[in-house]
Amino acid sequence: MTDAEVPSAKLAALAVDRLIASGLMRADKRNTLIDKIAAGTMSGGDWKVEIELASAKAAS
C-alpha cells in the first residue's frame, strides 16, 4: 500500500482540498499540509498560522 492509498492521507487530502476551496489554506502548500495532517503532526499553532497566512493572501 502506498502513502497515497493510506486512509489518513485520503481523508487529509479531502479536508485540505475543501479548506483550500474555502480560502482557509494555501494551495501552494497543499502537499505539505496533507502530509502533516495525515501524520498527525499538525499542531494547533500550525493550523492558526496557516489560516492567518491564507486569509492574508486572499485579502491582498
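Each chain has its residues counted from 1, running along the sequence as written. Two thresholds apply to this predicted model, a pLDDT of at least 70 for residue-level local features and 80 or more for giving and counting side-chain atom pairs, whereas whole-chain, interface and lining totals are computed over all residues. Only hydrogens and water are set aside when side-chain values are computed; all heavy atoms of the structure are taken into account.

Trainee: Kindly report on the nonpolar core, identifying the contributing residues and their values.
Mentor: Grouped together as the largest cluster of nonpolar side chains are seven residues: Ala12, Ala13, Val16, Met25, Leu33, Ile34 and Met42. For the purposes of this entry, the term helix denotes a DSSP run of H or I that reaches at least four residues, the term strand denotes a run of E that reaches at least two, and both are numbered from the N terminus. Breaking this core down by element, the ones donating at least two residues are helix H1 (7-21) and helix H2 (30-39). When residues of this core are assigned to their parent elements, the largest contribution, three residues, is made by H1. Contacts are assigned to residue pairs with any non-hydrogen atoms lying within 4.5 Å of each other. For Val16, the residues in contact, after removing those within four places along its chain, are Met25, Arg30, Leu33, Ile34 and Ile37. For the purposes of this section, nonpolar cores are sets of buried Ala, Val, Leu, Ile, Met, Phe, Trp, Tyr and Cys residues that join through side-chain atoms within 4.5 Å. Accessible area is worked out with a 1.4 Å probe on protein chains only. A residue is then buried under 20% of its type maximum, exposed over 50%, and partly exposed in between.

Trainee: How would you sum up the environment of Lys48? Please name residues and give values.
Mentor: Note that Lys48 resides in helix H3 (residues 44-59). C-alpha separation for the pair Lys48 and Leu24, spaced 24 residues apart in sequence, amounts to 9.9 Å.

Trainee: Quick one: what's the story with the pattern of salt bridges, residue by residue and with numbers?
Mentor: Salt bridges are defined as contacts in which a side-chain nitrogen from Lys or Arg sits within 4 Å of a carboxyl oxygen from Asp or Glu. Counted according to the given criterion, the structure contains four salt bridges. Note that Glu50 and Arg26 form a salt bridge whose closest N and O atoms lie 2.7 Å from each other. Taken as a pair, Glu50 in helix H3 and Arg26 in the loop between H1 and H2 lie far apart in primary sequence, 24 residues in all. Residues Glu50 and Arg26 agree in their burial class; the two are buried.

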